[in-house]
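Structure at a glance
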Amino acid sequence: MIKVSLSADICDQYDGIHIGFMAVRGIVVPAENPWLEELRATVIDEFLQAGHTLNSLPNEPRIKRWMAIYRGFGAKPSKFPCSVYKLSRDVLKRGRFPQIGPRVDAYNLMSLRHLVPMAGYDVDKIEGGVVLRFSSEGEVFLPIGAREVERLTSGEPVYADASKILCSKWNYRDSELTKLTAETSNVLFVVDGASPVTAEDVQVVLDELSELVAHWNPKEKAHAIISPAGVREIEL
């Protein structure tokens, strides 16, 4: 079991959030996933047909909300875009979907389809539970692909376990230490929902993601939504 939770100060500051978690264990991901290729084509077509442009993205309500949240804790969205804003811009700039690996591609496709930030972490590399809390001055963080740690300032929302930061600036950049790899068989997926996204919207994303990971025959699968107004911690 892994406990996921929101800290008290996060709840006080962001009362309109709904964070979805899904823990899957024992997945076996083959080298070829033709259903994922088909989904990729479908989601990209949906995204482009919706008429999104580089100029219109900042005014999309689901992205606009995250830009406001980032400004609120002192991060310029143009320099530090939330994950779904960056993903959306990359698709529009390059005209294609960035392929990283089946596990990451699956949640990134759901992120793009629903315009919500998402992430995935290797459960076997997590110590203790996962909490969304504020950073402390000088905490260290090792971004994906980096060889040297960064030192964080105080007051930015971060996902963390008992010993390290899993993601900086809420959903800006994940850690090298807990990233998903070709060897990962146990995954904790995260769906970040902030108004106007509702708990029902987050549930839709979790349901669709559950259908995707079912292709990999998980031995265990559990999901839940936590929020300041409801359950603030749960074990999965």
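Before reading on, note that the structure itself is shown above.
Residues numbered from 1 in each chain as written. Predicted model: local features only at pLDDT ≥ 70, side-chain atom pairs only at ≥ 80, totals over all residues. Heavy atoms only, no water.

1. A few points about the pairing of strand S7 (residues 157–160)
To keep things clear, this is the line we draw: Each residue is assigned to one of three classes by its accessible area relative to the maximum for its type, calculated with a 1.4 Å probe on protein chains only: buried under 20%, partly exposed between the two thresholds, exposed over 50%. Every helix listed is a DSSP run of H or I at least four residues long, and every strand listed is a run of E at least two residues long, numbered separately from the N terminus. Strands are labelled as partners when DSSP assigns at least two bridges between them.
Here S7 shows no split at all, with Pro157 and Tyr159 on one side and Val158 and Ala160 on the other all buried. Pairing analysis gives four bridges linking strand S4 (residues 130–134) to S7, with the strands arranged antiparallel. Its bridge partner lying in S7, Val131 is registered against Ala160. In the sheet, S7 pairs with strand S8 (residues 165–168) via two bridges, with the strands oriented antiparallel. From the neighbouring strand, Ala160 faces S8, where its bridge partner is Ile165.

2. Some words on the pairing of strand S10 (residues 186–194)
Along a regular strand, successive side chains alternate from one face of the sheet to the other. Burial analysis of S10 places nine of its nine residues in the buried class, the great majority of the element. Burial along S10 is two-sided: Asn186, Leu188, Val190, Asp192 and Ala194 facing one way and Val187, Phe189, Val191 and Gly193 facing the other are all buried. Here strand S2 (residues 17–25) runs beside S10; their pairing, made up of nine bridges, is antiparallel. By the bridge assignment for S10, Phe21 is matched with Val190. Bridging between strand S3 (residues 118–122) and S10 involves five bridges; their strand directions are antiparallel. Bridged to Met118 within S10 is Val191.

3. Quick word on the nonpolar core
Which entries qualify depends on this criterion: Definition of nonpolar core: a set of buried residues of the types Ala, Val, Leu, Ile, Met, Phe, Trp, Tyr and Cys, connected through side-chain atoms within 4.5 Å. Only heavy atoms enter the contact rule, under which two residues are in contact if any of them lie within 4.5 Å.
One finds Ile17, Ile19, Phe21, Tyr159, Trp170 and Leu188 to be the most contacted residues of the largest nonpolar core, which totals 73 residues. Look past the residues within four positions of Leu188 in its chain and what remains in contact with it is Ile2, Val4, Phe21, Met22, Ala23, Ala119, Gly120, Tyr121, Val123, Ile126, Val130 and Leu236. Counting five residues, the second-largest nonpolar core is a separate cluster that includes Phe141, Leu152, Ala160 and Ile165.

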